[in-house]
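Architecture and fold: a report
Residues per chain are reported as follows:
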Amino acid sequence: MQRVRIDGSEAVFLENDEKDVLGYAVWYTISRTLVHKDDLHAWFDKHGLSRFKPSDPKHGDAFKRICSEYKEKKIDESADSETFLLLRPQETGLTRKIVLEKREESKKLSYNVVGEIAYDEKSRNVNYSLRTADPAVRDIVKEILDRFEREKDCYTDEHIRKILHRILDSCNRVKLKPSGGIYFIPLDDFYWIERFSKIVEEIKKIDPSNRTEIWYAPIVNTERHRRMLEIKVEDTLEEILNSAIERLLKIDSKDPSKVRQIDEIAKQIEQATRMAEKYTKMLKVSLNRTTSLLEKAERLLNKIRQIQFSQFEVKVKSTA
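Residues numbered from 1 in each chain as written. Predicted model: local features only at pLDDT ≥ 70, side-chain atom pairs only at ≥ 80, totals over all residues. Heavy atoms only, no water.

Re the sheet that holds strand β7 (residues 95-104)
Here we have 5 strands laid out as an open sheet, ordered β5-β6-β7-β8-β9, and antiparallel in their pairing. Each edge of the open sheet is held by one strand with a lone partner, namely β5 (72-77) and β9 (125-130). Within the sheet, the average angular offset between the axes of one strand and its neighbour, ignoring direction, is 25°. When strand β8 (residues 107-120) meets β9, the two strands line up antiparallel, connected through 6 bridges. Counterpart to I117 in the pairing with β9 is Y128. (Pairing = 2+ DSSP bridges. Helix = DSSP H or I, 4+ residues; strand = E, 2+ residues; numbered from the N terminus. Axes fitted to C-alpha atoms, helices over the stretch in contact; angles between N-to-C directions.)

Some thoughts on the packing of aromatic side chains
Tallied over the full model, the rule gives 8 aromatic pairs. Measuring from centroid to centroid gives 6.3 Å for F184 and Y279, while their planes differ by 55°, and the two rings are tilted. Separated by 95 residues along the polypeptide, F184 in strand β12 (residues 182-186) and Y279 in helix α7 (residues 258-283) bring together distant segments of the chain. You can call Y279 buried: its relative accessible area is 0%. Between F190 and Y216, the aromatic rings sit 4.8 Å apart at their centres with planes inclined by 80°, giving edge-to-face as the arrangement. Taken together, the residues F190 in the loop between β12 and α5 (191-206) and Y216 in strand β13 (residues 213-220) connect sequence positions 26 residues apart. (Phe/Tyr/Trp six-rings, centres within 6.5 Å; stacked < 30°, edge-to-face > 60°. Buried < 20%, exposed > 50% of the residue type's maximum accessible area, 1.4 Å probe, protein only.)

Observations regarding the sheet that holds β13
Spatially, 4 strands are ordered β11-β12-β3-β13 in an open sheet, and the strand pairing comes out antiparallel. Edge positions in the sheet fall to β11 (174-175) and β13, since each has one partner strand and no second. Alignment of β11 against β12, held across 2 bridges, turns out to be antiparallel. In the strand pairing of β12, V174 is matched with F184. Packing against the sheet, helix α4 (residues 157-170) makes contact with β3 (21-29), β12 and β13, and its axis sits at approximately 170° to β3. (Contact = heavy atoms within 4.5 Å.)

Remarks on α7
Compared with an ideal rise of 1.5 Å per residue, which puts 26 residues at 38 Å, α7 spans 37 Å between its outermost C-alpha atoms and is within 8% of the ideal. Every buried residue belonging to α7 is among K258, Q261, I262, I265, A266, I269, A272, T273, M275, A276, Y279 and L283, and all of these are buried. Downstream of α7 by a residue or two, K284 has a phi angle that is positive, lying close to 55°. (Expected span 1.5 Å × (residues − 1).)

Concerning the packing of helix α6 (residues 223-250) against α7
With their axes 10 Å apart at the nearest point, α6 and α7 run at an angle of 165° to one another. With respect to α7, the element α6 is oriented roughly antiparallel. In this structure, α6 crosses over α7, and the sense of that crossing is left-handed. Along the contact surface, α6 presents R226, L229, E230, V233, T236, L237, I240, L241, S243, A244, R247 and L248, while α7 presents Q261, E264, I265, Q268, I269, A272, M275, A276, Y279, M282 and L283. For the contact of α6 with α7, a count of residues per class yields 15 nonpolar, 4 polar and 4 charged. (Parallel < 35°, antiparallel > 145°, perpendicular 65-115°, else oblique. Left-handed = near helix turned anticlockwise from the far one by under 90°. Nonpolar A, V, L, I, M, F, W, Y, C, P; charged D, E, K, R; others polar.)

Description of the layout of surface pockets
Approximately 410 Å³ is the volume attributed to the largest pocket. What lines the largest pocket is a set of 15 residues, among which D169, I240, K267, Q268 and Q271 lie closest to the centre. A per-element tally of the lining of the largest pocket places α7 first, with 6 residues. Split by residue class, the lining of the largest pocket holds 2 nonpolar, 6 polar and 7 charged. It is α4 that provides the largest number of residues to the lining of the second largest pocket, a total of 5 residues. When its residues are assigned to classes, the lining of the second largest pocket shows 4 nonpolar, 2 polar and 6 charged. (1 Å grid on protein atoms, 1.4 Å probe; cavity = no way out; pocket = protein on both sides within 12 Å on 5 of 7 lines; lining within 4 Å. Points joined across faces, edges and corners; volume = space filled by probe spheres on them.)

Quick look at the packing of helix α1 (residues 37-46) against α5
Helix packing for two helices is described by the angle between their axes and how far apart those axes are. The contact between α1 and α5 brings their axes to 10 Å, and the two run at 140°. By the angle between their axes, α1 is oblique relative to α5. Crossing hand, α1 versus α5: right-handed. Contacts from L40, W43, F44 and K46 of α1 reach α5 at I199, E202, I203 and I206. Considering only residue class, the contact of α1 with α5 consists of 6 nonpolar, no polar and 2 charged.

Let's talk about the side chain of N221
Assignment of secondary structure puts N221 in the loop between β13 and α6. Here the side chain of N221 touches R226 through a polar contact of 3.2 Å, side chain to side chain. (Polar contact = N/O pair within 3.5 Å; in protein donor to acceptor, adjacent residues only side chain to side chain.)

Some remarks on the pattern of salt bridges
In total, this model carries 27 salt bridges according to the counting rule given. The partner of R260 in a salt bridge is E264, and the shortest N-O contact between them spans 2.9 Å. One end of the pair is R260 and the other is E264, both in helix α7 and 4 residues apart, which spans about a single turn. In this structure R260 comes out as partly exposed when scored by relative accessible area, which is 47%. Salt bridges linked by common partners bring R32, R65, E69, R147 and E151 together as one network. (Salt bridge = Lys/Arg side-chain N within 4 Å of Asp/Glu carboxyl O.)

Written out as structure tokens, the structure is:
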């Protein structure tokens, strides 16, 4: 790489040397997607992403997602009123009330429960009962049943997005925009992004109209870019550590999930520590702004673990 100054600004001429590049800016769009679990698992094995292969989709989640798309649907309209089919969740379980509501200029004229549709976790089937012969209602129920059978073993765009976030986190990603959406990935972690781009290609093969995409551009090793990264790294670390500290302070000692929560936060802090070490070496700078936060988070975590351990000892002695 050759560097020159032009009107006070640094210009760089690359020579196809990896040392010329710090890493890549990465941005993406995940569009509405349905991919069968067998296809996605095969793609992840094929393209070297087995460690990120997700667990099977939950059928109950598929039922909830499909029902949410039918929570309010107009099925009839006359000169003076409109009739809507509503799916209303019960307080517990995976049951939805089927309701016919008649309205006139947004004013409710009638509200009649005409049936139920539910996912049974034991049989893993969707069952329903109707107290109406209305063909529009029966058509919608049949549509939900058909969609459930087609989609219960499929991953959605939400699943794909979560997987990509896991991959980005494992790549020591740094936000280049405060709101997210554009990330920096160091050069030696970038191969995971290249592999994920192959998954995007597979999605487009089965649905060429799908707008899912991932793009990246090199961040050249210049003084300006190094300074930008130094700022963005500290911003990202500060956000991660503040989030960890906030979560630690909110933990309820009576919450049965507190052990899991503490383990998750510990991993978050460990990831931040590794990230700080990585960028300190890469940029050859001291990340002063986040050092005190890192120390505070680790002290707080150790204190909570000590309390947790002492409570565990008391419990063991009391049951001995």
